Amino acid sequence: MLRAQAMTESGQVQNRALRVAILGATGLVGRTMLQVLEERDFPISELRLFASSRSAGTELEFRGQRIAVQEVNEEGFRGLELALFSAGAEASRKWAPIAASAGALVIDNSSAWRMDPEVPLCIPEVNLEAARKAPKRIIANPNCATIQMLVALAPLHREAKIRQIVVATYQAASGAGQKLVKRLEEELRHFVEKGQVALSNAPERPLACNLLMEWKRDVQSHHQEEELKLINETRKILGDPSIIVSPTTVRVPVFNGHAEAIHVEFERPITAQRAREILEAAEGVQVVDEFAKGIYPTPIDADGQDLVLVGRIREALGKPNALSLWVVADNLRKGAATNAIQIAEALFSIMG
Ligand SMILES: NC(=O)c1ccc[n+]([C@@H]2O[C@H](COP(=O)([O-])OP(=O)(O)OC[C@H]3O[C@@H](n4cnc5c(N)ncnc54)[C@H](OP(=O)(O)O)[C@@H]3O)[C@@H](O)[C@H]2O)c1
């Protein structure tokens, strides 16, 4: 079994399993966390599962045992070392300081803490060192669209320095949680059975056979909140507020796996061949790009795995400092659960 190496008060390294909680355990990300912790043989001596009162009493399986989900409460965080949060921003704002002051290190998947200057925003392949200084004992996982974009772009940034990114996203229903996944299933069933996409009495525009832009709107900047996340989080993670990011975020009728069409301009020239060499050696990336054979990554290829798949690597014709790429990843895994667990593994020095 894997062991965590934790520092004792006297500075000695100790090998042991951790007391862990998941807040939002019944959600899509929470359930994926359970799966990823199990697959990676994460060292756990006690696991507490929390959600809202709606699902208190629900039992979830972990390593062959049924664990009852509890309604989140203050007492519940006592004695924990690690708390993995995926219950939305409001719950994080309330419960992360409580869990942290009870002694747990919180790794949060929501947007609540990402732009707090005292909270590191971390992608292990890109800026792991940032996570080592967390004065609030809270570490933020970036937005899923930011994670996959920067796993692919950070190695190129180190080589040629990014000036500008233009990105269009193709984001799956699972990125908005289980409610939208269920709605897409219903809409598709309705379409097959009745030949109509829109569900009767549904106030929303259908996602099936459609493309939507339904994130919270910032009317002042004319950007959706999801687009602002891509802009601000990229600057914070790469540590360069001068990088221009121009995103258009789109929800597509795909169940799982986000894709991104990225055009990136650099300070120094970089060829497609050099970018391919860098990406082939980059941590967390798999190049899937044989254009002549029609080979490129799709959301179905990314589903269920942790690598960020990169294809269609090409030079922008007539522009020596620019490349275009197609980047695909599993938003529930690398975009959320796996990224959070990789941070925990690194900080607790978990050895395979
Ligand atoms: N889905 C993704 O690809 C993705 C990627 C990156 C980050 N995230 C972030 O991860 C979080 C969860 O996303 P998700 O897709 O897993 O959503 P989801 O499927 O809708 O699940 C939400 C989870 O949060 C719990 N919850 C909601 N309100 C709560 C409250 N007030 N107190 C305690 N628990 C509460 C729910 O519990 P009940 O069962 O009791 O309702 C459920 O377990 C969100 O912040 C999201 O922005 C998601």
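What counts and what doesn't
Residues numbered from 1 in each chain as written. Predicted model: local features only at pLDDT ≥ 70, side-chain atom pairs only at ≥ 80, totals over all residues. Heavy atoms only, no water. Axes fitted to C-alpha atoms, helices over the stretch in contact; angles between N-to-C directions. Helix = DSSP H or I, 4+ residues; strand = E, 2+ residues; numbered from the N terminus. Parallel < 35°, antiparallel > 145°, perpendicular 65-115°, else oblique. Left-handed = near helix turned anticlockwise from the far one by under 90°. Contact = heavy atoms within 4.5 Å. Salt bridge = Lys/Arg side-chain N within 4 Å of Asp/Glu carboxyl O. Buried < 20%, exposed > 50% of the residue type's maximum accessible area, 1.4 Å probe, protein only. Pairing = 2+ DSSP bridges. Near = heavy atom within 4 Å. Polar contact = N/O pair within 3.5 Å; in protein donor to acceptor, adjacent residues only side chain to side chain. Areas by Shrake-Rupley, 256 points an atom, 1.4 Å probe, with all protein chains shown as cover. Nonpolar A, V, L, I, M, F, W, Y, C, P; charged D, E, K, R; others polar. Phe/Tyr/Trp six-rings, centres within 6.5 Å; stacked < 30°, edge-to-face > 60°. Right-handed = clockwise from strand over helix to strand, strands pointing away.

Enquirer: Sorry, what's going on with the packing of helix 1 (residues 28–39) against helix 9 (residues 333–347) here?
Expert: Two quantities define a packed helix pair, namely the angle between the helix axes and the distance between the axes. Put simply, helix 1 and helix 9 touch, their axes get as near as 9 Å, and they point 50 degrees apart. With respect to helix 9, the axis of helix 1 lies oblique. The two elements helix 1 and helix 9 meet at a crossing, and its hand is right-handed. Counted together, Val29, Thr32, Met33, Gln35, Val36, Leu37 and Glu39 of helix 1 and Arg333, Ala336, Ala337, Thr338, Ala340 and Ile341 of helix 9 form the full contact between these two elements.

Enquirer: Is there a simple way to think about the pattern of salt bridges in this case?
Expert: In total, this model carries 28 salt bridges according to the counting rule given. Among the salt bridges present, the one from Arg66 reaches Glu59, with a minimum N-O distance of 3.4 Å. In this structure Glu59 comes out as partly exposed when scored by relative accessible area, which is 43%. With its nearest N and O atoms 2.5 Å apart, the salt bridge here joins Lys136 to Asp116. Of this pair, Lys136 sits in the loop between helix 3 (124–127) and strand 10 (138–140) while Asp116 sits in the loop between strand 9 (105–108) and helix 3; the two residues are 20 residues apart in sequence, bridging distant segments of the chain. Given the relative accessible area of 16%, Asp116 is considered buried. Overlapping salt bridges bring together Glu39, Arg40, Asp306, Arg333 and Glu345 as one network.

Enquirer: Looking at this model, I keep getting lost on the sheet that holds strand 8 (residues 82–85). Mind explaining?
Expert: To summarise the sheet geometry, strands pair through backbone hydrogen bonds and adopt either a parallel or an antiparallel arrangement. Sheet architecture is open: 6 strands sit in the order 7-4-3-8-9-10, paired in parallel fashion. Looking along the sheet, the strands with just one partner apiece sit at the ends: strand 7 (70–71) and strand 10. As judged from the 6 bridges shared by strand 3 (residues 18–23) and strand 4 (residues 44–51), these two strands associate in the parallel manner. The residue bridging Ala21 from the neighbouring strand is Arg48, located in strand 4. Across the sheet, helix 9 is in contact with strand 8, strand 9 and strand 10; its angle to strand 9 comes to roughly 155 degrees.

Enquirer: Would you mind showing me how to read the site of the ligand here?
Expert: Every one of the 27 residues lining the ligand counts as a neighbour, but Thr26, Val29, Ser52, Ser55 and Ser174 are closest to it. A distance of 2.8 Å separates an oxygen atom of the ligand from a polar backbone atom of Val29. Within the contact set of the ligand, an oxygen atom lies 2.5 Å away from a side-chain nitrogen or oxygen of Ser52. The protein chains hide 79% of the 900 Å² of surface that the ligand would expose on its own. The set of elements that each furnish at least two residues to the shell around the ligand consists of helix 1 and helix 9. Residue composition of the shell around the ligand, grouped by class: 11 nonpolar, 15 polar and 1 charged.

Enquirer: What exactly am I supposed to notice about the packing of aromatic side chains here?
Expert: Summed over all chains, the structure comprises 4 aromatic pairs. Geometrically, the ring pair formed by Phe50 and Phe77 is tilted, given 5.3 Å between the ring centres and 50 degrees between the ring planes. Here Phe50 is found in strand 4, whereas its partner Phe77 is found in the loop between strand 7 and strand 8, with 27 residues between them in sequence. Residue class for Phe50 comes out buried when judged on its relative accessible area of 0%. Since its relative accessible area comes to 0%, Phe77 is described here as buried. The rings of Phe50, Phe77, Phe85 and Trp95 are connected pair by pair, giving a single aromatic cluster.

Enquirer: What is the right way to look at the sheet that holds strand 14 (residues 244–248) in this model?
Expert: Here 6 strands make up an open sheet; going across it, the order is 14-11-15-18-17-16 and the pairing mixed. Taken across any chain shown, the strands that pair with only one partner, and hence form the sheet edges, are strand 14 and strand 16 (285–287). Averaged over neighbouring strand pairs, the angle between their axes works out to 25 degrees when direction is ignored. Taken together, the 8 bridges between strand 15 (residues 258–266) and strand 18 (residues 322–329) define a ladder with antiparallel strand orientation. Its bridge partner lying in strand 18, His258 is registered against Ala329. Running at roughly 165 degrees to strand 17 (residues 308–315), helix 7 (residues 272–281) makes contact with strand 16, strand 17 and strand 18 of the sheet.

Enquirer: Would you mind showing me how to read unusual backbone geometry here?
Expert: The general pattern is negative phi for most residues beyond glycine and trans for most peptide bonds. Unusually for a residue other than glycine, His222 sits at a positive phi of about 60 degrees. Note on placement: His222 falls in the loop between strand 12 (217–218) and strand 13 (223–224). One non-glycine residue, Arg312, adopts positive backbone phi at about 50 degrees. Inspection of the secondary structure assignment puts Arg312 in strand 17.

Enquirer: What's the story with the pairing of strand 17 in this structure? I'm lost.
Expert: Along any regular strand the residues' side chains alternate between the sheet's two faces. Bridge analysis of strand 16 against strand 17 gives 3 bridges, and the strand direction is parallel. Considered in strand 17, the bridge of Val285 is made with Val308. Where strand 17 hands over to strand 18, the hairpin turn is made up of 6 residues, of which Gly318 adopts a positive phi near 85 degrees.

Enquirer: Hey, could you run me through the pairing of strand 3 in this one?
Expert: Across the 6 residues that make up strand 3, a large majority, 5, are buried. Handedness of the crossover joining strand 3 and strand 4 through helix 1 is recorded here as right-handed. Here strand 3 runs beside strand 8; their pairing, made up of 4 bridges, is parallel. Among the inter-strand pairings, Val20 is bridged to a residue of strand 8, identified as Leu82.

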